[in-house]
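Fold and contact review
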Number of protein chains: 2
Amino acid sequence: MVLATAETTTTLDFGPAVALSCRECGTRYPLGPSFACIECFGPLEVAYTWTSPGDGPAATVTRRQIEAGPANIWRYRSLLPVPSDVLTKRNLAPGWTKLVKADNLARELGLRSLHVKDDSGNPTHSFKDRVVAIALEAARTFGFHTLSCSSTGNLAGAVTAAAARAGLDACVFIPADLEEAKIVMASVYGGRLVGIEGTYDDVNRFCSELIGDPLGEKWGFVNVNLRPFYGEGSKTLAFEIAEQLGWRIPDQIVIPIASGSQLTKVDKGFRELIKLGLVEDKPYKIFGAQAEGCSPVAAAFKAGHDIVRPVKPDTIAKSLAIGNPADGPYVLDIARRTGGAVEDVTDAEIVDAIRLLARTEGIFAETAGGVTVGVLRKLAENGVLDPDAETVVLNTGDGLKTLDAVSAHARPTAVIRPSLNAFRTAVADNS
Amino acid sequence: MVLATAETTTTLDFGPAVALSCRECGTRYPLGPSFACIECFGPLEVAYTWTSPGDGPAATVTRRQIEAGPANIWRYRSLLPVPSDVLTKRNLAPGWTKLVKADNLARELGLRSLHVKDDSGNPTHSFKDRVVAIALEAARTFGFHTLSCSSTGNLAGAVTAAAARAGLDACVFIPADLEEAKIVMASVYGGRLVGIEGTYDDVNRFCSELIGDPLGEKWGFVNVNLRPFYGEGSKTLAFEIAEQLGWRIPDQIVIPIASGSQLTKVDKGFRELIKLGLVEDKPYKIFGAQAEGCSPVAAAFKAGHDIVRPVKPDTIAKSLAIGNPADGPYVLDIARRTGGAVEDVTDAEIVDAIRLLARTEGIFAETAGGVTVGVLRKLAENGVLDPDAETVVLNTGDGLKTLDAVSAHARPTAVIRPSLNAFRTAVADNS
């Protein structure tokens, strides 16, 4: 474990970020490649000028400044721990993905107002490009030469692609039994891809060991020693949703849970927008979504527990298959505090939901998107969602990476010789 | 064949479009679902107010108007044959994809200034979303209930996705031996997918028959009876490249050739920008790219012929595998008129180029992108490209759809147990 040190980083440019701060006890540390508090082992978060009045000028970020920025996450650079000159750096410039007004799906589910935030439009077709972009800038600032991660698949592709663009080395670690598309995507960009015989949690433990070893020196593990920076990337989902709704926080939002980091950071993003006066302060409900085959947070939520009991994942939603989610307790807090919930769906419901979203909105989601849309449907049917409230559901990945989930259902209607008679016989008469 | 008719369409709203006009003899027809001239069988193109001073007011489109538009192709709606209220319609809103400054690739190829126009960021991850979006609006305007096409794969997915969002039926036709990813993607959105035993050219001939049959009545075949509208969508590539370069046409551009339509429409787009005073009038060179296994236009170019002799395709670049390219002669004209060229690369060079682009820029291209980047490399090495001129290369598709092309080369470096010793042995000592 990389604990915070007293090593000074005051000369490093992280824009509006001024320190790392323990989420549990509030102890503050200089900005550095560390992720756990020396005092209490709590996770570290990035603190900004506006959360720390003593450390610098109050933020004066305006909607107009943001709107004048580029069509990617760097439009929010004044709200992120990145160098002031990030616009001049070589990176994948992810984000500003579509917020799709999903009227067809809303009608099927009996909802008045529904949007899909579709992160399949990112450079490597998942939301991971957002978090990696922030971690990459931190890695450069700290002088790391190799970018690394433990991954359930999407992250490995995002890291190797980002490293390729930036000119860094990459060495990434995945469970060896991942989907073929994710394996190819994680290795085509160059760098080293290492398959680990075991679950994602085994991969994660291995990376924690490696980071303490001389082998892993000068390596930036985006989701380990760069985790406080990495996590901030998920806030851009909250920023974009609010801006794309016309600077308004939705009433209800459904977010997938793997480690739980994304859900907690979307909440943090909404709270920062409120604090900075960029949106009106209003209540919102956050709903977490898991696959039944890996639903430790949903189980804890339903049982009324504060603690998440680890499970061994068994689901087609491999990108969410984290059996020991680090941010699980925080997710429970947020779901309860905002009046939301955590729900899960079966593999069959995931497949149905992928097909529902494709058929109604022309969006082909990864299994993780099947989880959120499936949970959305379940919550709508159970009356847990308010059908009249403005609702957003996240699609964080791309169906092309999890073809096997739907390939049995997505076949040609017919295969025929090129003749009108053959077409009449095979198709038209059956339609 | 659907010939133009005298049927009046003056009450239909196609924005700035005023007529169809024969590319060969200039005969004009009302806007309608037809694609061939009654007089000479030449292909019909869309004519606008600014090409037809007698028909309406001169266009007064400004950069500022366009820049104030949405981050999709509809920012150019005043230059496209679409209804004035297209922003209120339910569609996939494609376009405004990234123009990536490709400094790493430029360095490897010895070029001073290179950009990749990366259309993998479109909703179904190919440039086809652009052309389908225009054809869809035409289909709605003409009252068609079913959207259809002959496709080498990408188009089928783009059509079925667009139909799903718009609430139209879809029935699309592909060669039965396509890549699995394209088959799944073309059927997951619903509608009917029909595999034809034969080549794309067989599929295309079948669709031309179907369109004359009562079965195909009220069907909008995006690339047959809606082709004049469909083709205009490719102009948005030219518009975006010019705007993203700061309202400047590049000196050199490399474009893939399937039917040749895209290349001719990019040229048309550049000429329209010049005509409307949106960019400076300056020379530019257009280079066409084909796979050696389907290179009828490159062969004609090299032989100095004006006629393209059809071939039977045999290449991994299936999305470009059109052996009888309808716009081949126009491509030859444009390459010669602008001082460009048409070149081809082998399947092995395509694979190398996919890997080169991934390794240098973090962009995972389809085989069609391997063709353009491979041709770019070949032209640079042969001294045909000016290394000091501003160059753009198109990536029109997504590597996730043609995994097989690179999967043999994109494997894990190692598969190990989760231990530091295993990692040392397997990877670190060999690196």
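Fair warning: this is a prediction, and the values are worked out from it, not measured in the lab.

Digging into the domain arrangement of chain A
Residue and element names in this part refer to chain A. Entries for chain A in the domain assignment read domain 1 (99-123 + 229-409) and domain 2 (127-227). Each of domain 1 and domain 2 has a C-alpha centre, and the two are 24 Å apart. In this assembly, 29 residues from domain 1 lie in contact with 26 residues from domain 2. Interface area for domain 1 against domain 2, summed over the two sides, is near 2,400 Å², with a carbon-plus-sulfur share of 53%. A per-residue breakdown of the area domain 1 buries against domain 2 is headed by Phe229, Tyr230 and Lys401, which together make up 38% of the total. There are 3 salt bridges connecting domain 1 and domain 2. Summed over the shared surface of domain 1 and domain 2, the number is 17 residue pairs in polar contact (both at pLDDT 80 or more).

A look at the pattern of salt bridges
All chains considered together, the criterion is met by 58 salt bridges over all chains. One salt bridge connects A:Glu180 with B:Arg411, and the closest N-O pair in it is separated by 3.0 Å. Taken together, the residues span two chains, with A:Glu180 in helix α5 (residues 180-188) and B:Arg411 in the loop between α14 (404-407) and β14 (414-416). Take A:Glu180: its relative accessible area is 37%, and that puts it in the partly exposed class. The closest approach of N and O atoms between B:Arg336 and B:Asp306, which form a salt bridge, is 3.4 Å. Remark: B:Asp306 occurs in the loop between α10 (296-303) and α11 (328-338) and B:Arg336 occurs in helix α11; sequence separation between them is 30 residues.

With respect to the UniProt feature "modified residue: N6-(pyridoxal phosphate)lysine" (unreviewed entry) in chain A
Residues and elements named next belong to chain A. Per the UniProt record, the feature "modified residue: N6-(pyridoxal phosphate)lysine" (unreviewed entry) sits at Lys128. As for its position among the elements, lysine 128 is in helix α3 (residues 128-142). Residue lysine 128 is classed as buried on the basis of its relative accessible area of 17%. Once you skip the residues sitting within four places of it in the chain, lysine 128 turns out to touch Asn154, Leu155, Ala158 and Tyr230.

Section: the sheet that holds strand β2 (residues 28-29) of chain A
Two orientations exist for strands paired in a sheet by backbone hydrogen bonds: parallel and antiparallel. Residues and elements named next belong to chain A. One open sheet holds the 3 strands; their spatial order is β2-β1-β3, and the pairing between them is antiparallel. Looking along the sheet, the strands with just one partner apiece sit at the ends: β2 and β3 (44-48). Sheet topology places strand β1 (residues 17-22) next to β2; 2 bridges connect them, and they run antiparallel. By the bridge assignment for β2, serine 21 is matched with arginine 28.

Observations regarding the environment of A:Leu99
Residue and element names in this part refer to chain A. Locating leucine 99 in the fold gives a position in strand β4 (residues 98-101). Overall, leucine 99 belongs to the buried group, its relative accessible area being 16%. Those residues in contact with leucine 99 that lie beyond four places of it in its chain are His115, Val116, Lys117, Ile241, Gln244, Leu245 and Val392.

Looking at the side chain of A:Ser150
Relative to the assigned elements, A:Ser150 resides in strand β6 (residues 146-150). A distance of 2.9 Å separates the side chain of A:Ser150 from the side chain of A:Asn204, its partner in a polar contact.

Some thoughts on the relation of the copies chain A and chain B
Placing chain A over chain B gives an RMSD of 0.0 Å and needs a rotation angle of 180 degrees, together with 0.0 Å of translation along the axis. Each copy turns onto its partner about a two-fold axis. Identified as the residue of chain A closest to the rotation axis by C-alpha distance is A:Gly121, at 2.7 Å. Same-surface contact between copies: 100% of interface residues of chain A are shared with the interface of chain B.

Notes on the nonpolar core
Taken as a class, soluble globular proteins show a tendency for nonpolar side chains to be buried jointly. With 276 residues, the main nonpolar core has A:Leu79, A:Phe364, B:Leu79 and B:Phe364 as its most contacted residues. In contact with B:Leu79, not counting residues within four places along its chain, are B:Pro16, B:Tyr48, B:Trp50, B:Val61, B:Ile66, B:Lys235, B:Phe239, B:Glu272, B:Leu273, B:Leu276 and B:Leu278.

Quick look at the UniProt feature "domain: Tryptophan synthase beta chain-like PALP" (unreviewed entry) in chain A
Sites flagged by UniProt as "domain: Tryptophan synthase beta chain-like PALP" (unreviewed entry) map to residues 93-397 of chain A. With 45% helix and 17% strand, residues 93-397 of chain A has end C-alpha atoms that lie 17 Å from one another.

Some thoughts on the environment of B:Val132
Residues and elements named next belong to chain B. With respect to the helices and strands, valine 132 occurs in helix α3 (residues 128-142). Linking valine 132 and glycine 233, residues 101 residues apart in sequence, is a C-alpha distance of 7.4 Å. In contact with valine 132, other than residues within four places in its own chain, are Leu155, Ala158, Val159, Ala162 and Tyr230.

A few points about empty space enclosed by the protein
Picture a little ball the size of a water molecule; that probe, rolled over the atoms, points out where space is still empty. Scanning all chains against the criterion turns up 4 cavities of 30 Å³ or more. Within this model, the largest cavity holds a volume of roughly 330 Å³. As for the largest cavity, its lining consists of 28 residues, and the residues nearest its centre are A:Phe127, A:Lys128, A:Ala258, A:Ser259 and A:Ser319. Of all the elements in the fold, those that place two or more residues in the lining of the largest cavity are α3, α4 (154-166), α7 (227-232) and α9 (261-275) of chain A. Its residues assigned to classes, the lining of the largest cavity shows 11 nonpolar, 14 polar and 3 charged. Among the domains, domain 1 (99-123 + 229-409) and domain 2 (127-227) of chain A are the pair contributing at least three residues each to the lining of the largest cavity. A volume near 100 Å³ is recorded for the second largest cavity. If you trace the second largest cavity, you find 14 residues lining it, with A:Pro123, B:Asp118, B:Ser120, B:Gly362 and B:Ile363 closest to the centre.

Quick word on the interface of chain A and chain B
Listed per partner, the contact involves 74 residues of chain A and 74 residues of chain B. For the chain A and chain B pair, buried surface summed over both sides reaches about 6,000 Å², with 63% attributable to carbon and sulfur atoms. There are 8 salt bridges connecting chain A and chain B. The element contributing the most residues to the side of chain A that touches chain B is α5(A), with 7 residues. Of the residues belonging to the side of chain A that touches chain B, the class tally is 41 nonpolar, 14 polar and 19 charged. Two strands pair when backbone bridges link them, and strand β14 (residues 414-416) of chain A and strand β8 (residues 192-196) of chain B are joined in this way by 3 bridges, in the parallel orientation.

About the thresholds
Residues numbered from 1 in each chain as written. Chains lettered and ligands numbered in written order. Predicted model: local features only at pLDDT ≥ 70, side-chain atom pairs only at ≥ 80, totals over all residues. Heavy atoms only, no water. Domains from an automatic or database assignment. Contact = heavy atoms within 4.5 Å. Buried area = accessible area lost by both parts, 1.4 Å probe. Salt bridge = Lys/Arg side-chain N within 4 Å of Asp/Glu carboxyl O. Polar contact = N/O pair within 3.5 Å; in protein donor to acceptor, adjacent residues only side chain to side chain. Helix = DSSP H or I, 4+ residues; strand = E, 2+ residues; numbered from the N terminus. Buried < 20%, exposed > 50% of the residue type's maximum accessible area, 1.4 Å probe, protein only. UniProt positions renumbered as here; feature names shortened; annotations may be inferred. Pairing = 2+ DSSP bridges. Least-squares fit on C-alpha atoms with pLDDT ≥ 70 in both. Core = buried A, V, L, I, M, F, W, Y, C linked by side-chain atoms within 4.5 Å. 1 Å grid on protein atoms, 1.4 Å probe; cavity = no way out; pocket = protein on both sides within 12 Å on 5 of 7 lines; lining within 4 Å. Points joined across faces, edges and corners; volume = space filled by probe spheres on them. Nonpolar A, V, L, I, M, F, W, Y, C, P; charged D, E, K, R; others polar.

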